[in-house]
Amino acid sequence: PALYETGAVDEAFASLNQAEQILRGIGDKMGQANAWYYLGHLHRLSGNHPESDQALGHALKLNRSGKLPGGTVVVLNELGALRLLQGRPDQAKTEHRKALRLALMIKSEGDRAEALAGLARCALATGRLDEAQDKFEQARQIFLSIHAPEAAAQVDAELRRLPPR
């Protein structure tokens, strides 16, 4: 991801593909799942939605088969973001709801806040402004409580862009 952020997109993909091959070779399922997740994330950011879908599918399968709920919840939230970009807000909402349930089960407040922010974006995409505001505010409060000021600031920016009620 750091390579991607500096504009070295091709190098980022090459490094992640190489890492995934190495991790597969040594049987590190968790590492493989993470490599697939980051590949899916970068493909989503690059607008390569079919490739993102495929990579995230691999990540989800590896996380579930390895009984890795922390990885699973992150992938579910990423799938929700992807589904929303694909113009499928109902499917996005389903993914974020799954992520929210799992985050609550494993007591992961950061993932819970991410799921709530995702649900807010789904509500916004379907014109449910009150629900969007409520979910964004819940996410913001959680981000502040876990000392994640950058995430809280992002949600604040999204709240400010909501049309007045």
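For the structure, see preceding data.
Residues numbered from 1 in each chain as written. Predicted model: local features only at pLDDT ≥ 70, side-chain atom pairs only at ≥ 80, totals over all residues. Heavy atoms only, no water.

A. Broad picture of the overall build of the protein chain. Scanning the protein chain for helices and strands turns up 9 helices and 0 strands. Ordered by position from N to C terminus, the α and β elements of the protein chain give α-α-α-α-α-α-α-α-α. Relative to the globule expectation of 15 Å for 165 residues, the C-alpha radius of gyration of the protein chain, 16 Å, shows essentially globular dimensions. Overall, the protein chain is about 55 × 35 × 30 Å in size when its C-alpha atoms are taken along their principal axes. Relative to its full complement of 165 residues, the protein chain shows a buried share of 43%. In the protein chain, of all internal contacts separated by at least 6 residues, the share reaching a separation of at least 24 is 46%. Counting every atom, the protein chain has about 8,900 Å² of accessible surface; 53% of that belongs to carbon and sulfur. Side chains of the protein chain carry 21 positive and 20 negative charges; the gap between the two charge centres is 7 Å. (Helix = DSSP H or I, 4+ residues; strand = E, 2+ residues; numbered from the N terminus. Rg over C-alpha atoms; globule rule 2.2 N^0.38 Å. Buried < 20%, exposed > 50% of the residue type's maximum accessible area, 1.4 Å probe, protein only. Contact = heavy atoms within 4.5 Å. Areas by Shrake-Rupley, 256 points an atom, 1.4 Å probe, with all protein chains shown as cover. Lys, Arg positive; Asp, Glu negative; His and termini not counted. Charge placed at Lys NZ, Arg CZ, Asp CG, Glu CD.)

B. Quick look at the environment of N48. Tracing the chain through its elements places N48 in the loop between α3 (29-45) and α4 (49-65). A residue is classified by how much of its surface remains accessible, and N48, at 27% relative accessible area, is partly exposed. Taking the C-alpha atoms as reference, N48 lies 26 Å from L68; in sequence the two are 20 residues apart.

C. Representation of helix α5 (residues 69-85) within the structure. Counted at 1.5 Å a residue, the expected span for α5 with its 17 residues is 24 Å, and the 24 Å between its end C-alpha atoms agrees. G71, T72, V73, V75, L76, N77, E78, L79, G80, L82 and R83 are the residues of α5 that are buried. On its buried face, α5 is in contact with α3, α4, α6 (89-106) and α7 (109-125). Count one or two residues on from α5 and you reach G87, which has phi positive near 75°. (Expected span 1.5 Å × (residues − 1).)

D. Fine view of the packing of α7 against helix α8 (residues 129-145). Relative orientation of the contacting elements α7 and α8 amounts to 160°, with a least axis distance of 8 Å. Here α7 is positioned roughly antiparallel relative to α8, judged by the angle of their axes. α8 is crossed by α7, and the crossing has left-handed handedness. Contact residues: α7 offers E109, G110, R112, A113, E114, L116, A117, L119, A120, R121, A123 and L124, while α8 offers L129, E131, A132, K135, F136, Q138, A139, I142 and F143. The residue inventory of the contact of α7 with α8, partitioned by class, reads 13 nonpolar, 2 polar and 6 charged. (Axes fitted to C-alpha atoms, helices over the stretch in contact; angles between N-to-C directions. Parallel < 35°, antiparallel > 145°, perpendicular 65-115°, else oblique. Left-handed = near helix turned anticlockwise from the far one by under 90°. Nonpolar A, V, L, I, M, F, W, Y, C, P; charged D, E, K, R; others polar.)

E. Representation of the packing of aromatic side chains. Within the structure shown, the criterion is met by 1 aromatic pair. Each ring, one from Y37 and one from Y38, has its centre 4.9 Å from the other, and the planes form 70°; the classification is edge-to-face. Of the residues examined, Y37 reaches a relative accessible area of 13% and is grouped as buried. (Phe/Tyr/Trp six-rings, centres within 6.5 Å; stacked < 30°, edge-to-face > 60°.)

F. The environment of P69, seen in detail. Along the chain, P69 turns up in helix α5. You can call P69 partly exposed: its relative accessible area is 35%. Considering only alpha carbons, one finds P69 and I106, 37 residues apart in sequence, at a separation of 7.4 Å. The residues touching P69, leaving out its near neighbours within four places in the chain, are L102 and I106.

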